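Descriptive analysis of the structure
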Number of protein chains: 2
Amino acid sequence: MAKQERAIATREALVAAAAKVFARLHFETARVADILEESSVTQGAFYFHFPEGKKQVAEVLIQRQDEGFIQIRDELARSGLDGLSAILALSNALGQALSSDPVAQAGIRLVTQSSTTFPGVAKLPDPAWLDAISGFLHRAEGEGNLREGVEIAQAARSVVYLFTGAQVSSFVNDAWSDLPQTLHDVQSFVLRSIAIDGFVPRSPS
Amino acid sequence: MAKQERAIATREALVAAAAKVFARLHFETARVADILEESSVTQGAFYFHFPEGKKQVAEVLIQRQDEGFIQIRDELARSGLDGLSAILALSNALGQALSSDPVAQAGIRLVTQSSTTFPGVAKLPDPAWLDAISGFLHRAEGEGNLREGVEIAQAARSVVYLFTGAQVSSFVNDAWSDLPQTLHDVQSFVLRSIAIDGFVPRSPS
């Protein structure tokens, strides 16, 4: 590998190791030494890539988690699914990511448990989430699937709160391993509130 | 004051001070010194009452928060309100407590942000909550106010997730100061999902 490629690989190894550490340990408890042990990278290399320490790599993880979410949202927006089915598919994709992907786990845990440490990047309800859900609700309205009287801004906030509460609870219970099932359980509650009677959701193809 | 009364007063002063500290600081960040400074009690007295340190006083706060919740629930159960109105009143009471009472703030923050430190007492969704909401939903069913097809266990879990997500988000945003408004906003989403058309909630007298 050329020198620059090696540097990128080292930085990625540190980010991946930090994801595992921050998924497992609270930000305040985790130490740079834990990241070094997980990655087998030297302390010198760590501070070369992240001169501001563990907070800097944590911010990278929060941003990556957000980018991952936006990618899922954009794929669903292009998928041809109707708006309400896209909301359910988005929640399923989130459940999958949080039950298996350390970057998603670390990003969400940092935002929900250490928000005061990251005032610039940690926002709840996440504006990208609110945007995505509002957009899909507007689409559902155009498709004639929205129950009469639903206020889109209020419904979008409620859906985001519901997912936030489900994932926080699932983390406390069993480190997210039952989150896909938990999210599946709440979906009929959501549909009952926002969908016309007889609406049948579709799955992404 | 007799010696025993003074001891009780000192212990209560420590619990009240710890509530303010754990409402403001993450459990891992807070130090016994912060509690001493807040209470003007000596270190010796602190360890006399809480020989196991800050973790022990934190557990007292988690339990008090839970007892406070159960008291509100029992008052509402006796109030003569219908089941669905009692659920809304419970959520309003929670919003009030979290926006103003350090014991409620500390208890909830400890459970949601430091659950792994308190595996014995920190449970989400809180069993007392699930119980309370299920009970009120059963009452609503008997009163003919439940929408057709609502599954009570699933609806109870969803309502608790929704309140959990609303309070976690409200904490991240502005330390709960807008929680009463946030909870008010989600109530119509909840009613839409579980109440018969035309249901009008009542307020506690």
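Residues numbered from 1 in each chain as written. Chains lettered and ligands numbered in written order. Predicted model: local features only at pLDDT ≥ 70, side-chain atom pairs only at ≥ 80, totals over all residues. Heavy atoms only, no water.

What follows covers the overall build of chain A. A tally of regular secondary structure across chain A gives nine helices and zero strands. Secondary structure elements of chain A occur, N-terminal to C-terminal, as α-α-α-α-α-α-α-α-α. If one aligns the C-alpha atoms of chain A with their principal axes, the spans along those axes are about 60 × 35 × 30 Å. For chain A, buried positions account for 53% of its 205 residues. Of the contacts made within chain A by residues no fewer than 6 positions apart, 71% connect residues no fewer than 24 positions apart. Counting only carbon and sulfur atoms, one obtains 50% of the accessible surface of chain A, whose full area is about 9000 Å². In chain A, the 18 positive side-chain charges and the 24 negative ones have mean positions that sit 6 Å from each other. (Helix = DSSP H or I, 4+ residues; strand = E, 2+ residues; numbered from the N terminus. Buried < 20%, exposed > 50% of the residue type's maximum accessible area, 1.4 Å probe, protein only. Contact = heavy atoms within 4.5 Å. Areas by Shrake-Rupley, 256 points an atom, 1.4 Å probe, with all protein chains shown as cover. Lys, Arg positive; Asp, Glu negative; His and termini not counted. Charge placed at Lys NZ, Arg CZ, Asp CG, Glu CD.)

Moving on, we get to the packing of aromatic side chains. All names here are of chain A. By the definition in use, this model includes eleven aromatic pairs over all chains. Between the aromatic rings of phenylalanine 22 and phenylalanine 27, the centroid separation amounts to 5.6 Å while the plane-to-plane angle is 35°, which identifies the pairing as tilted. Residue phenylalanine 27 is classed as buried on the basis of its relative accessible area of 6%. Geometrically, the ring pair formed by phenylalanine 69 and tryptophan 129 is stacked, given 4.5 Å between the ring centres and 10° between the ring planes. Of this pair, phenylalanine 69 sits in helix α4 (residues 54-78) while tryptophan 129 sits in helix α7 (residues 127-142), and the two are 60 residues apart along the sequence. Residue phenylalanine 69 shares its accessibility class with tryptophan 129, and that shared class is buried. (Phe/Tyr/Trp six-rings, centres within 6.5 Å; stacked < 30°, edge-to-face > 60°.)

As a further point, take the relation of the copies chain A and chain B. Note on the identical chains: chain A maps onto chain B by a rotation of 180° and an axial translation of 0.0 Å, with an RMSD of 0.0 Å. Between the two chains, the operation in question is that of a two-fold axis. The residues that chain A uses at the interface reappear at the interface of chain B in 98% of cases, marking a shared surface. (Least-squares fit on C-alpha atoms with pLDDT ≥ 70 in both.)

Residue and element names in this part refer to chain B. Within the secondary structure, asparagine 145 is located in the loop between α7 (127-142) and α8 (152-174). Given the relative accessible area of 13%, asparagine 145 is considered buried. The residues touching asparagine 145, leaving out its near neighbours within four places in the chain, are Asp82, Leu84, Ala140, Ile194, Ala195, Ile196 and Phe199.

This part covers the interface of chain A and chain B. Counting from both sides, the interface comprises 42 residues of chain A and, opposite them, 41 residues of chain B. For the pair chain A and chain B, the two sides together bury roughly 3400 Å², of which 54% comes from carbon and sulfur. Summed over the three residues of chain A that lose the most area to chain B, namely Tyr161, Phe189 and Arg192 of chain A, the buried surface amounts to 21% of that side. On the surface where chain A and chain B come into contact, there are two salt bridges. Between aspartate 197 of chain A and arginine 147 of chain B there is a salt bridge whose closest N-O contact spans 3.1 Å. Here chain A is connected to chain B by 13 residue pairs in polar contact (both at pLDDT 80 or more). No other element matches helix α8 (residues 152-174) of chain A, which puts 15 residues into the side of chain A that touches chain B. Its residues assigned to classes, the side of chain A that touches chain B comprises 17 nonpolar, 16 polar and nine charged. (Buried area = accessible area lost by both parts, 1.4 Å probe. Salt bridge = Lys/Arg side-chain N within 4 Å of Asp/Glu carboxyl O. Polar contact = N/O pair within 3.5 Å; in protein donor to acceptor, adjacent residues only side chain to side chain. Nonpolar A, V, L, I, M, F, W, Y, C, P; charged D, E, K, R; others polar.)

Let us look at the packing of α4 of chain A against α7 of chain A. Residues and elements named next belong to chain A. In contact at an axis separation of 10 Å, α4 and α7 are set at 10° when each is read in the N-to-C sense. Here α7 runs roughly parallel to α4, going by the angle between their axes. Each of Asp66, Phe69, Ile70, Arg73, Leu76 and Ala77 in α4 lies in contact with α7, whose residues at this interface are Ala128, Trp129, Asp131, Ala132, Phe136 and Arg139. Partitioning the contact of α4 with α7 into residue classes produces eight nonpolar, no polar and four charged. (Axes fitted to C-alpha atoms, helices over the stretch in contact; angles between N-to-C directions. Parallel < 35°, antiparallel > 145°, perpendicular 65-115°, else oblique.)

Turning our attention to helix α6 (residues 102-113) of chain A. Residues and elements named next belong to chain A. Here α6 is twelve residues long and its end C-alpha atoms lie 16 Å apart, about the 16 Å a rise of 1.5 Å per residue gives. In terms of burial, α6 is largely enclosed, as eleven of its twelve residues are buried. Regarding α6, the residues found buried are Val103, Ala104, Gln105, Ala106, Gly107, Ile108, Arg109, Leu110, Val111, Thr112 and Gln113. In this structure aspartate 101 caps α6, since a side-chain oxygen of it lies 3.0 Å from the backbone nitrogen of valine 103. (Expected span 1.5 Å × (residues − 1).)

The next point concerns the environment of valine 160 of chain A. Residues and elements named next belong to chain A. In this fold, valine 160 is placed in helix α8. Here valine 160 falls in the buried class, since its relative accessible area comes to 2%. Valine 160 sits 30 residues away from leucine 130 along the chain, and the two C-alpha atoms are 6.7 Å apart. The contacts of valine 160, once residues within four sequence positions are left out, are Pro125, Trp129, Leu130 and Ile133.

For the rest of this paragraph, the subject is the environment of isoleucine 87 of chain B. Residues and elements named next belong to chain B. If you trace the backbone, isoleucine 87 turns up in helix α5 (residues 83-100). Residues isoleucine 87 and alanine 104, spaced 17 residues apart in sequence, show a C-alpha to C-alpha distance of 18 Å. With residues near it in sequence (within four places) discarded, isoleucine 87 still touches Ile133, Phe136, Leu137 and Val159.

Turning our eyes to something else, we now look at unusual backbone geometry. In this model, serine 40 of chain A sits at a positive phi of 55°, which is unusual for a non-glycine residue. Considering the arrangement of structural elements, one finds serine 40 of chain A in the loop between α2 (32-39) and α3 (43-49).

The subject of this paragraph is the environment of valine 200 of chain B. Relative to the elements of secondary structure, valine 200 of chain B occurs in the segment after α9 (179-194). Along the sequence, valine 200 of chain B and isoleucine 72 of chain B sit 128 residues apart, while their C-alpha atoms lie 22 Å from each other.

All right, on to the nonpolar core then. Judged by nonpolar contacts, the single largest core of 143 residues is most densely connected at Phe22, Leu84 and Leu137 of chain A together with Phe22, Leu84 and Leu137 of chain B. Once you skip the residues sitting within four places of it in the chain, phenylalanine 22 of chain A turns out to touch Phe27, Ala30, Ile35, Lys54, Val57, Ala58, Leu61, Ala106, Arg109 and Leu110 of chain A. (Core = buried A, V, L, I, M, F, W, Y, C linked by side-chain atoms within 4.5 Å.)

Turning our attention to the side chain of histidine 26 of chain B. With respect to the helices and strands, the residue histidine 26 of chain B is situated in the loop between α1 (3-24) and α2 (32-39). Engagement of the side chain of histidine 26 of chain B in a polar contact is seen with the side chain of histidine 26 of chain A, the distance being 2.4 Å.

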